[in-house]
Structure formats: structure tokens, C-alpha cells
Amino acid sequence: MRNISLFFTAVGLAATASSAFHVPETQTTRTHNSNTRTLSPVQYQCRWLAAAPIAITALIFSFSPPAIASEGDITKGKEIFTSTCAGCHAGGQNFIKEKKTLQKEALEKYVGLDNEKVEAFFKGSLRHKVIGGAFDDQEITDVVTYVVDQAINDKW
């Protein structure tokens, strides 16, 4: 959503800045409230050039990858996982549903190898709501970061 709004902002600013390349052949009169000001062709062109750097910056950031809301701490995630989750998920296994392990292939198949998807699954699962209800959002993010790191790098 952030990228879309930045993109449209950049397009609007770029369109505004593009008028900097249109130079009227004669002087332009501009009226604001009761003040009248006559601009030379060069003054008319320069007044929009300030928008160009803003438009370019917004356009660049609209295509940059989204920032992670809060990054997880793998070390803290490992501590929480070991003390709370390892009872059912030791070694990345799942002793409740054997096929739905925390291994790379199973996460890709059932949830997705993405911190946001794994976190959404964790928060949406009834079993995890009971267990995870004791965790704050940062602790959940830490555990998810640890789990995804373990899966992606085949550390289980």
C-alpha cells in the first residue's frame, strides 16, 4: 500500500515538474489573491524545477522493497522457541501434524517462506493462540525470524 501511494505521488509530482520544460514565449501574468506578478519565461520555468527532485525521490522509493516493520532477534527467538515451542516442534518437526513441519519444504507448501506469512499463520492458529497469547508482538516476531532462518538455511 505504501508503494502504491508513493508511486502516485511521484507520478503527480513528475507531471507537475514536467511543466518546467514548457517555456512560454512571452511573459506570463500570475494573479494570486489581489497580487499580480509578471514572470519572465525563465522565472516561469524555474518555479517548477523545485518539484523535480521530490518527484524523482518519491519515484525511487516507490519501487524500493518495503521496510520490515520490526526485525526479529534470532537469538531471542531461539531462546523462546527452545523453552516454549520445542515440546511440539523439536528439530523443526511437528508432533501434532506430522506433515506440517517447520522444514523448508513444508513451510513453502503449507504457509510460505516469508516472515509475514508465517507470523500470520501463527497468530491465526487456535493452538498457537493459546500458547502464543503469552507473547507480545516482538517476541512472536523473534520466534518467527528464528524459525524462518532455520528453515531457509536448512539448520533444523
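From a predicted model like this one, the values you see are computed outputs, not experimental measurements.

Asks: Explain the environment of T82 to me, using residue names and the numbers behind them.
Replies: Take T82: it is sitting in helix α4 (residues 74-89). Since its relative accessible area comes to 51%, T82 is described here as exposed. For T82 and V143, which are 61 residues apart along the polypeptide, the C-alpha to C-alpha distance reads 9.7 Å.

Asks: I'd love a proper account of the packing of helix α6 (residues 115-124) against helix α8 (residues 137-152), names of residues and values included.
Replies: Relative orientation of the contacting elements α6 and α8 amounts to 120 degrees, with a least axis distance of 9 Å. One way to sum up the angle between α6 and α8 is to call them oblique. Here α6 runs over α8; the crossing is right-handed. Every residue of α8 that contacts α6 at N115, V118, E119, F122 and K123 is listed here: D137, I140, T141, V144, T145 and V148. Grouping the amino acids of the contact of α6 with α8 by side-chain chemistry returns five nonpolar, three polar and three charged.

Asks: Tell me about the pattern of salt bridges, residues and numbers included.
Replies: Taken as a whole and judged by the stated rule, the model has three salt bridges. For D137, the salt bridge goes to K123, with nearest N and O atoms at 3.5 Å. Placement of the pair is D137 in helix α8 and K123 in helix α6, with a sequence separation of 14 residues. Here K155 and D149 are joined by a salt bridge, their closest N and O atoms 2.8 Å apart. Judged by its relative accessible area of 17%, D149 falls in the buried class.

Cut-off values and rules
- Residues numbered from 1 in each chain as written.
- Predicted model: local features only at pLDDT ≥ 70, side-chain atom pairs only at ≥ 80, totals over all residues.
- Heavy atoms only, no water.
- Helix = DSSP H or I, 4+ residues; strand = E, 2+ residues; numbered from the N terminus.
- Buried < 20%, exposed > 50% of the residue type's maximum accessible area, 1.4 Å probe, protein only.
- Axes fitted to C-alpha atoms, helices over the stretch in contact; angles between N-to-C directions.
- Parallel < 35°, antiparallel > 145°, perpendicular 65-115°, else oblique.
- Left-handed = near helix turned anticlockwise from the far one by under 90°.
- Contact = heavy atoms within 4.5 Å.
- Nonpolar A, V, L, I, M, F, W, Y, C, P; charged D, E, K, R; others polar.
- Salt bridge = Lys/Arg side-chain N within 4 Å of Asp/Glu carboxyl O.

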